[in-house]
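Listed below, chain by chain, are the residues.
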Amino acid sequence: MSKLELIATAAMGLESLVAKEVRDLGYECQVENGRITYKGDELAIARSNLWLRTADRVKIKAGEFKAYTFDELFEKTKSIPWEQFLPENAEFPVSGKSQKSKLFSVSDCQSIVKKAIVERLRKAYKKTSWLEENGPLFKIEVSLLKDVATLTIDTSGSGLHKRGYRVDQGEAPLKETLAAALVMLTNWTPERPFADLFCGSGTIPIEAALIGQNIAPGFNREFVSESWDWMPDTVWEQARNEAEDMAKYDQPLDITGSDIDHRLVKIAAENAFEAGLGDLVNFKQMRVQDFAVKKDYGVIVSNPPYGERLGEKNAVEQMYKEMGKVLGALDTWSVYIMTSNEQFEQFYGRPATKKRKLFNGFIRTDFYQYWGKRPPRRSE
Ligand SMILES: C[S@@+](CC[C@H](N)C(=O)[O-])C[C@H]1O[C@@H](n2cnc3c(N)ncnc32)[C@H](O)[C@@H]1O
């Protein structure tokens, strides 16, 4: 297939990171709210799914048009050459959403799009009977925004945060895509020590290790578009071989995850093992208050409890104070903390060098950044 229009969807606030990742893969792109659009072929689909660490999904934009009436939605959907993507037996559920549009009934929009595609495919495949829909899956979405309908086909299957390594988790695990984003927003390089002092099930240290060794985050899973007949196996093979060649398994790393809860430490180690990282990440049971280190120029990235639950706030704020005392003394270390507590800097005892607004699901948080001294330049 010649060039397709692709969309990498992004959580609110992560668009610029996703765009950078798409550009790093070699594709020029445009950035909009929640989505990055670019042109690419089958290999671009495979590469994007395998490599994008911070995107939610990769979709094909099948069509985009203005639609003020159901008739318009039907006719314009029918004029899209769906048979180029969907085989005769394709299973194609249609989901939808609508914002600031005349066509606001999502269920009506979904069934109209479904009917239009059925009609198009029956004509294209000269079918007089029903379509059986017992073949490969093509999840279609109709999304209306300000009367513009965008029709997409999902190429990922499960969201890209499902890396395939999470065997178990704690109470409030971070989405893998957000954990990768946190690491990518820091000044960490693989030569420097890295620590997450509230590691829970290990998401941040595991994502850091994958980044540190340049391992494709999707290497451990499958994608729905692998079952499509127009996506040749050779494309996936090529993308996976490329990923294998680009991985730096010899890159030494000094990554630690610690948590007060020993059960979570065990889960974190199991998840890291499942991610193929073996003993590359050190996990141990420890309270943040007991953190002590002899090394210099390390980076801490953590997602501590926010204290939002009834009765927890005071204890969490006290813990932030103690954390500030311990970490504030490490002048060569950079510390990055994500929390929704708006008074964090007061408790921690210092104003952040920089703050960045981020959403952890629906919770608005700040990523408080305390930059340490720069490491000395290595002599040539
Ligand atoms: C929001 S969770 C972190 C989730 C983790 N990022 C993940 O992906 O699973 C916060 C963690 O902080 C830990 N914790 C709470 N108080 C602590 C303390 N004083 N020292 C170290 N860890 C603590 C909890 O056990 C919990 O696992």
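Within an unreviewed UniProt entry, the label attached to the chain reads RNA methyltransferase, and the organism entered is Mesobacillus campisalis.

**Student:** Before we move on, can you summarise the nonpolar core with the specific residues and values?
**Tutor:** In this structure, Ala8, Val18, Ile36, Val113, Leu182, Ala209 and Ile300 are the most contacted members of the largest nonpolar core, which totals 102 residues. Each of two domains, domain 1 (4-154) and domain 2 (176-215 + 249-370), supplies a minimum of three residues to this core. Apart from residues no more than four positions distant in its own chain, Val113 is found in contact with Leu73, Thr77, Val94, Ile140, Val142 and Leu151.

**Student:** Talk me through the domain arrangement of the chain; I want residue IDs and the actual numbers.
**Tutor:** The assigned domain composition of the chain is domain 1 (4-154) and domain 2 (176-215 + 249-370). For domain 1 versus domain 2, the distance between C-alpha centres works out to 36 Å. Here the residues of the side of domain 1 that touches domain 2 sort into 5 nonpolar, 2 polar and 2 charged.

**Student:** Could you give me a rundown of the site of the ligand, with the residues and numbers involved?
**Tutor:** Within the structure, the ligand sits among 22 residues, and Phe198, Gly200, Ser201, Thr203 and Ile260 are positioned closest to it. Looking at the shell around the ligand, its residues break down into 13 nonpolar, 6 polar and 3 charged.

**Student:** Explain helix α2 (residues 42-51) residue by residue, including any values.
**Tutor:** In terms of burial, α2 is a largely internal element, 9 of the 10 residues being buried. On its buried face, α2 is in contact with β1 (4-9), β3 (35-40), β4 (57-66) and α7 (233-246).

**Student:** A description of the sheet that holds strand β8 (residues 194-196) should follow, citing residues and the corresponding values.
**Tutor:** Taken together, the 7 strands give an open sheet; going across it, the order is β10-β9-β8-β11-β12-β14-β13, and neighbouring strands pair in mixed fashion. Every interior strand has two partners, whereas the edge strands, β10 (281-285) and β13 (354-360), have only one. Going from strand to strand, the sheet's axes swing by 20° on average, the running direction of each strand aside. Pairing of β8 with strand β9 (residues 255-259), which is carried by 3 bridges, proceeds in the parallel orientation. For Ala195, the partnering residue across the bridge sits in β9 and is Thr256.

**Student:** How would you explain the UniProt feature "domain: THUMP" (unreviewed entry) in the chain if you had to name every residue and give the values?
**Tutor:** Under the UniProt annotation, the feature "domain: THUMP" (unreviewed entry) is placed at residues 44-155. Secondary structure across residues 44-155 divides into 32% helix and 26% strand, with the first and last C-alpha atoms of the span separated by 11 Å.

Conventions adopted
Residues numbered from 1 in each chain as written. Predicted model: local features only at pLDDT ≥ 70, side-chain atom pairs only at ≥ 80, totals over all residues. Core = buried A, V, L, I, M, F, W, Y, C linked by C-beta atoms within 7 Å. Buried ≥ 20, exposed ≤ 12 C-beta atoms within 10 Å, placed from the backbone. Domains from an automatic or database assignment. Contact = placed C-beta atoms within 7 Å. Nonpolar A, V, L, I, M, F, W, Y, C, P; charged D, E, K, R; others polar. Near = placed C-beta within 6 Å. Helix = DSSP H or I, 4+ residues; strand = E, 2+ residues; numbered from the N terminus. Pairing = 2+ DSSP bridges. Axes fitted to C-alpha atoms, helices over the stretch in contact; angles between N-to-C directions. UniProt positions renumbered as here; feature names shortened; annotations may be inferred.

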